[in-house]
Amino acid sequence: MIYLLLAVFFGSSIAVFLKYLRRCGVGIGETICVNYIVATLVGIVVNAARYDLHINPLGEFWCWMAFVRGSFMVGALMMIAVATESYGVVMSTVASKVSFVVPVIGSWLLLGDREPLWLAVLGMLIALLLLCMDGKPMRWKGKIRMGIWHLPIVFLCYGLSNFLLRVAQNDITSRYGDDTVLIDAQFNAFASASFLFALICGTLLLVVRNLWKGTADSIKKTGVGWHSLWSGLSLGVVNMACTYCMMRALEETPTTLFYPIYNVGVVSITAFCGWLFFRERLTKYQVGGLLLSLLTLMSFT
């Protein structure tokens, strides 16, 4: 239970922290890249300090899962950073957390987990639709971007990322049986590899963004300053801690029980923080989507 509570705490911190960084004008792309450097190094240091093991991610059976998950991770984090500015921390967090229907359905189909409650799954999708209906499109340089797509992309990226985390956890546990030391080391190595691949993808995105802008000034602005360094350092530690606690909690808690409790906790805490720190107000559609998501999340327990 302690790992589940810690996962809720760290998971709640990520969206709130990203919202705070955007309010302060800190470069999100650079912060996310630094965050993945820190998260990767934390995992490597922990493995080296705690275990006398040398795990080569490229030689492990879960390497491809770490690569694909890293791609979804960087996409999810960058998109939720934009979505928190367009929609607020509450709506963005709800969109990311109702995505747990993806790993729940995937685990039922492929891993033999308990069949989900289909009425609750439908409720989740309706809640996501309600959140999108009244969203305001993001404005950038006088042009209106289709902000309505931000929340569905957040939904898909987080859902697929969490499903791959569940698959990796299941495969590692099945392969190494009762060897808790080796399982723990494999969990750390998988998380570190995921962050490393996310770092590579995030760096490539930044390079492409600068080439697309095509100006020396935009490239100069991408330099990592002190604000990006300290914020990336903080976010990296929280991100790694959240991933590790999720994997340990999934080891002792069924998927159909873990994700509802985790997501209800994260949504509730971020909703309170959004009201307390950012004075966010919700429309009647957004309130309806939030309440429906909380009710359907609790029904899964």
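Residues numbered from 1 in each chain as written. Predicted model: local features only at pLDDT ≥ 70, side-chain atom pairs only at ≥ 80, totals over all residues. Heavy atoms only, no water.

### Observations concerning the overall build of the protein chain
Here comes step 1: Counting its regular elements, the protein chain contains 12 helices and 2 strands.
Here comes step 2: Order of helices (α) and strands (β) in the protein chain, N terminus to C terminus: α-α-α-α-α-α-β-β-α-α-α-α-α-α.
Here comes step 3: Looking at the protein chain as a whole, 53% of its 301 residues are labelled buried.
Here comes step 4: Intrachain contacts of the protein chain at a sequence separation of at least 6 include 85% that bridge at least 24 residues.
Here comes step 5: Looking at the protein chain as shown, the accessible area adds up to about 14,200 Å², and 70% of this sits on carbon and sulfur atoms. (Helix = DSSP H or I, 4+ residues; strand = E, 2+ residues; numbered from the N terminus. Buried < 20%, exposed > 50% of the residue type's maximum accessible area, 1.4 Å probe, protein only. Contact = heavy atoms within 4.5 Å. Areas by Shrake-Rupley, 256 points an atom, 1.4 Å probe, with all protein chains shown as cover.)

### Some words on the side chain of Ser 161
Here comes step 1: As for its placement among the helices and strands, Ser 161 is situated in helix H7 (residues 150-176).
Here comes step 2: Once residues within four sequence positions are removed from consideration, Ser 161 is found in contact with Arg 69, Phe 72 and Met 73.

### Notes on helix H3 (residues 63-86)
Here comes step 1: Helix length check: H3 (24 residues) gives 35 Å between terminal C-alpha atoms against 34 Å at 1.5 Å per residue, within 8%.
Here comes step 2: One or two steps after H3, the chain reaches Gly 88, where phi turns positive at roughly 100 degrees. (Expected span 1.5 Å × (residues − 1).)

### Here we look at the pattern of salt bridges
Here comes step 1: Here the structure, examined in full by the defined rule, presents 1 salt bridge.
Here comes step 2: Notably, a salt bridge pairs Asp 184 with Arg 248, separated by 2.9 Å at the nearest N-O pair. One end of the pair, Asp 184, is in helix H8 (residues 180-213); the other, Arg 248, is in helix H10 (residues 226-252), with 64 residues separating them in the sequence. (Salt bridge = Lys/Arg side-chain N within 4 Å of Asp/Glu carboxyl O.)

### Brief notes about helix H5 (residues 101-110)
Here comes step 1: The set of residues buried in H5 consists of Val 101, Pro 103, Val 104, Gly 106 and Ser 107.
Here comes step 2: A positive phi of about 80 degrees marks Gly 112, the residue just after H5.

### With respect to the packing of H3 against H7
Here comes step 1: At a minimum axis distance of 8 Å, the contact between H3 and H7 shows a crossing angle of 150 degrees. One way to sum up the angle between H3 and H7 is to call them roughly antiparallel. Crossing of H3 against H7: the hand is left-handed.
Here comes step 2: Taken together, the residues that form the contact of H3 with H7 break down as 21 nonpolar, 4 polar and 2 charged. (Axes fitted to C-alpha atoms, helices over the stretch in contact; angles between N-to-C directions. Parallel < 35°, antiparallel > 145°, perpendicular 65-115°, else oblique. Left-handed = near helix turned anticlockwise from the far one by under 90°. Nonpolar A, V, L, I, M, F, W, Y, C, P; charged D, E, K, R; others polar.)

### Points about the nonpolar core
Here comes step 1: Tyr 36, Trp 62, Leu 77, Phe 190, Met 246, Phe 258 and Tyr 262 are the most contacted members of the largest nonpolar core, which totals 83 residues.
Here comes step 2: By residue number, the principal contributor to this core is H8, which donates 12 residues.
Here comes step 3: Setting aside its immediate chain neighbours within four residues, Phe 258 contacts Leu 4, Met 246, Ala 249, Leu 250 and Thr 253. (Core = buried A, V, L, I, M, F, W, Y, C linked by side-chain atoms within 4.5 Å.)

### Description of the packing of helix H2 (residues 28-50) against H10
Here comes step 1: Here H2 crosses H10 at 50 degrees, and the two axes come no closer than 7 Å. Between H2 and H10, the crossing angle belongs to the class labelled oblique. Considering only the axes of H2 and H10, their crossing is right-handed. Side by side, H2 and H10 meet where Glu 30, Thr 31, Val 34, Asn 35, Tyr 36, Val 38, Ala 39, Val 42, Gly 43 and Arg 50 of the first sit next to Ser 228, Leu 229, Ser 231, Gly 232, Leu 233, Leu 235, Gly 236, Val 237, Asn 239, Met 240 and Tyr 244 of the second.
Here comes step 2: A breakdown of the residues in the contact of H2 with H10 according to their chemical character gives 11 nonpolar, 8 polar and 2 charged.

### Notes on the packing of aromatic side chains
The relative placement of two aromatic rings is captured by the distance of their centres and the angle of their planes.
Here comes step 1: According to the stated counting rule, one finds 8 aromatic pairs in the structure shown.
Here comes step 2: Measuring from centroid to centroid gives 5.3 Å for Phe 9 and Phe 10, while their planes differ by 65 degrees, and the two rings are edge-to-face.
Here comes step 3: One Lys or Arg, Arg 175, reaches over the ring of Phe 61 and ends 3.9 Å from the middle of that ring. (Phe/Tyr/Trp six-rings, centres within 6.5 Å; stacked < 30°, edge-to-face > 60°. Lys NZ or Arg CZ within 6 Å of the ring centre and 35° of its normal.)

### Side note on empty space enclosed by the protein
Here comes step 1: In total, this model carries 1 cavity of 30 Å³ or more according to the counting rule given.
Here comes step 2: The calculated volume of the largest cavity comes to roughly 300 Å³.
Here comes step 3: As for the largest cavity, its lining consists of 21 residues, and the residues nearest its centre are Ile 14, Lys 97, Tyr 158, Asn 239 and Cys 242.
Here comes step 4: Among the secondary structure elements, those contributing two or more residues to the lining of the largest cavity are helix H1 (2-24), H3, helix H4 (89-97), H7 and H10.
Here comes step 5: Examining the composition of the lining of the largest cavity, we find that 5 residues originate from one element, H3, more than from any other.
Here comes step 6: Across the lining of the largest cavity, the residue classes break down as 12 nonpolar, 7 polar and 2 charged. (1 Å grid on protein atoms, 1.4 Å probe; cavity = no way out; pocket = protein on both sides within 12 Å on 5 of 7 lines; lining within 4 Å. Points joined across faces, edges and corners; volume = space filled by probe spheres on them.)

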